[in-house]
Amino acid sequence: MVARHAGEGRAATALPRVELARFSTSTPPTGETVSPSVALILQGDVRTVLCKQTLCYRAGEFVVASVDLPVTCAIQATSRQPYLAFEMRLEPSIISELLLATPRAVTERTHVPSLATGTADPDLLDVIGRMARLLDRPQDATALAPLYEREILWRLISSDQGATVRQIGLPDSDVAQLSHAISWIRTHYDQPLRVEELAARSSMSVTSFHRHFRALTQMTPLQYQKHLRLHEARARLLAHPRDVADTGYAVGYESPSQFSREYRRMFGAPPGRHATQLRHPETPTPAQ
């Protein structure tokens, strides 16, 4: 069903918060920001790097994220066996409602991973299959899609990775408190970062904010901002590979040399050369 309805790449569907993904060739490690969501892999392999953590998952497994995270993903696929995935953004308000039926979650305060993988059990596969079939039955979607979405969330909450999902719906969880600061950084990644202001947005002391932010994202606030800046710079350079200095300024760097140095440290090549390699992968890398 996904193969029939998915175009090349990722695309939204008529179902609320549901996207389908299809890639007919392998992709190089590519920076992107994942939002609170779940992705069920139906075909192909994925390697995701979050700071120093590497997760590998394949068909029959799912990955769930509880907060916006800058990651690097590489997909393994072929034209005969394209990568296929069912993806759904996680709605905090629905998770909060479902948590009323799970008393143990109300006092759950331990640090949990913000990115986790697991094997989809038959119940989760069944409800995702029913949700996907609504793509062939749009007349049923209005009535049934909200029910299936709640069941998908319930299956995730009840899974071994449930703690990651439950944190999204807990009003006093680290995810809920830090989401205000993370949202600000994502929107203002090109502006100077003031930790005191971010801590205040999260109703935390500076010390507590640093500790909880790093536990959740595996990065300091400055590292998180740097990942966002460099991923955005990479996307801009793909479109305009010659505008290296302007790109650096646009994403918040005041020094071209610092921009080039940090870009090379993350992606392994200077900005201009890396953009050329991505646009023309057959071009040999000049000797350094």
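Scope of this entry: the structure provided in the associated data block.

Basis of the calculations
- Residues numbered from 1 in each chain as written.
- Predicted model: local features only at pLDDT ≥ 70, side-chain atom pairs only at ≥ 80, totals over all residues.
- Heavy atoms only, no water.
- Phe/Tyr/Trp six-rings, centres within 6.5 Å; stacked < 30°, edge-to-face > 60°.
- Helix = DSSP H or I, 4+ residues; strand = E, 2+ residues; numbered from the N terminus.
- Buried < 20%, exposed > 50% of the residue type's maximum accessible area, 1.4 Å probe, protein only.
- Expected span 1.5 Å × (residues − 1).
- Arc of directions from axis to C-beta.
- Contact = heavy atoms within 4.5 Å.

1. Focus: the packing of aromatic side chains
Under the counting rule described, the total for this entry stands at six aromatic pairs. With a centroid separation of 5.5 Å and 50° between ring planes, the pair formed by F209 and F213 is classed as tilted. Here F213 and F209 lie together in helix α8 (residues 206-217), a separation of four residues that amounts to about one turn. Taking the relative accessible area as the measure of exposure, F209 reaches 0% and is therefore buried.

2. Some remarks on α8
With twelve residues, α8 should reach 16 Å at 1.5 Å per residue; the first-to-last C-alpha distance of 16 Å fits that figure. Buried within α8 we find S208, F209, H212, F213, L216 and T217. Seen end-on, α8 carries its buried residues on one side only, within an arc spanning 130°. Buried residues belonging to α8 abut β5 (45-50), β8 (69-76), α6 (174-187), α7 (195-201) and α9 (221-239). Within two residues after α8, Q218 carries a phi angle of roughly 65°, on the positive side.

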